[in-house]
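# A look at the structure
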Amino acid sequence: MSRFLEREDIDWWSLIANKNYLENPYPQLKELQKLGPIHLDKKTGIYFVLGHHEFGLIARSSKMGRDTRLWRDGWFNPDNKVSDPTSYELFSEFQSQMIMMNEPDHGRMRSVYQQAFKPSAVASIRPMIERETDLLLEQLAATNDIDLIDNFAAPLPLRVLRNLLEIPADMDQDMQRWSASLIKIGDVMMMQEQKVEALLALREFKYYLRDHIKYYRASHQNTLMNSVISAFENGFMNEQETLTNLMSMLVAGHETTVTLIGNGMLALLRHSDQRNLLISDPILIETAIDEFLRYEPGGNMILRIAIEDFELNGITIPTGSMVIGMVGAINRDPLRFNQADILDIQRKPNPHFTYGAGIHICIGAPLAHLESEIAFNKILKQFPQIELSGEPIWRLDRLNARGLKTLPVRLRIN
Ligand code: HEM
């Protein structure tokens, strides 16, 4: 079978933007994967990757980057400055951050954040994460039927990030609003008014951060903020880079973690054998988190732009092409995973790609892991009878993220 597919009869965007797909993408992804691991959408010139092996090669190649200015048909095309000035401004303002940069700028920016995200450094903020988790769980103690997203999964990562960035708690509502507006940037389903809203949020947040770093007084040594501010003061990063990378902590680190907790809890509550196993042996949370990430990844698409021509399976992906890894298919590739459609919280090894791969692999992964480990263990310990109390509702307004709007649960059986 050809390991590459170029077909005109598959209309990729209509297929993946329909309601059925957004509610449950896996059956369609499986059918597409059977046709081949890489598809070229002739209409848009975009390469969709569904194979685990192929995506690994692409994501780790130095010929593949994340700078969307190199995308042949993308926003940076000068014509777009005239035809869609809002998008042009939005993407320009959002550009100066490590996730959007190729080498050497990417490595320079990442090095400023690297130390604070090492597992040992992240372990030192465990007491803070536990404190925030306990505070939220205390508030739940008096209630029984709740929406786990609104009452727990959404506020926890927001509070953790706010503490990490040393932003006061009275900014939580603003941060929540900024996060909700900015997360949609880059999604093909983004409407014109959402682009305007995102541009405003971007500017407000940067304005806030400009003052925040100006008046920042270090409370401890070796914090993330200390590294960021000294990189700014000694000219290692300019102001735009400093503010955009700080802002990206919220964009990259908030909703992704909300989704890990929400999607993971839903998967667990729908598999009572796995739930009982985890409650009886909480140490399994280590492998369970990776399995939640594999089985129900919040981020559906990981992009690359070809910096140079890239040869794979006998074909050439030309310079300037956009390549999108379809994580929901890649993480269930039967050539890589046994019983890929089964949730197995003891799965090991578990080479899922939900955190990406190569030089851009998620820097915040140790934080997301620690946070969700604490969240799951504490919830299951305090409320071992937790169960679904209604139908969860998926958000259907985005293509590149799959997360829950609501997750109704009953904390205890009366
Ligand atoms: C479950 C939670 C998370 C998931 C699933 C996730 C996923 C990802 C993915 C897919 C990438 C791109 C990787 C690639 O292109 O190969 C990425 C990059 C990144 N993530 Fe995360 N992320 C999560 C949590 C976080 C957190 C908590 C933070 C920070 C507070 C964070 C900060 C970043 C940054 C800064 C990058 C860019 C890294 C680079 O370009 O070198 N992420 N993440």
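As the structure is a computational prediction, the values presented were derived from the model and not from experiment.

This next bit is on the site of the ligand. The full set close to the ligand counts 27 residues, and Arg66, His106, Arg110, His360 and Cys362 are the nearest of them. Within the side chain of His106, a nitrogen or oxygen atom sits 2.6 Å from an oxygen atom of the ligand. A distance of 2.7 Å separates an oxygen atom of the ligand from a polar atom in the side chain of Arg304. Of all elements in the fold, only α7 (105-114), α15 (239-253), α16 (255-269), β6 (301-306) and α20 (365-382) reach the threshold of two or more residues within the shell around the ligand.

All buried positions along α7 are accounted for by His106, Met109, Arg110, Val112 and Tyr113. The buried residues of α7 occupy an angular sector of 150° when projected down its axis, which confines them to one face.

The alternating pattern of strand β3 (residues 46-49) places Ile46 and Phe48 on one face and Tyr47 and Val49 on the opposite face, and all of these are buried. From the end of strand β2 (residues 38-41) to the start of β3, which pair antiparallel, there are 4 residues, and Gly45 there has a positive phi angle of about 75°. As paired strands, β3 and strand β9 (residues 322-326) are joined by 3 bridges and run parallel to one another. Bridge pairing in β9 links Val49 to Gly325.

The omega torsion of the bond from Glu103 to Pro104 falls at 5°, within 30 degrees of zero and hence cis. Note that Pro104 resides in the loop between α6 (85-94) and α7. Notably, Glu166 is not glycine yet its phi reads approximately 55°, a positive angle. On the secondary structure map, Glu166 appears in the loop between α11 (155-164) and α12 (172-182). Relative accessible area serves as the criterion here: at 22%, Glu166 is assigned to the partly exposed category. Despite not being glycine, Gln339 shows a phi value in the positive range, around 45°. Of note, Gln339 is situated in the loop between α19 (327-330) and α20. For Gln339, a relative accessible area of 61% gives the class exposed.

What follows concerns the coordination of the iron atom of the ligand. Just one protein ligand coordinates the iron atom of the ligand, and it is Cys362 (SG) at 2.3 Å. Among the structural elements, Cys362 can be located in the loop between α19 and α20.

Reading the values: the criteria
- Residues numbered from 1 in each chain as written.
- Predicted model: local features only at pLDDT ≥ 70, side-chain atom pairs only at ≥ 80, totals over all residues.
- Heavy atoms only, no water.
- Near = heavy atom within 4 Å.
- Polar contact = N/O pair within 3.5 Å; in protein donor to acceptor, adjacent residues only side chain to side chain.
- Helix = DSSP H or I, 4+ residues; strand = E, 2+ residues; numbered from the N terminus.
- Buried < 20%, exposed > 50% of the residue type's maximum accessible area, 1.4 Å probe, protein only.
- Arc of directions from axis to C-beta.
- Pairing = 2+ DSSP bridges.
- Donors = N, O, S within 2.8 Å, 3.2 Å for Na, K, Ca; no water.

Nothing here speaks to function; it is all geometry.
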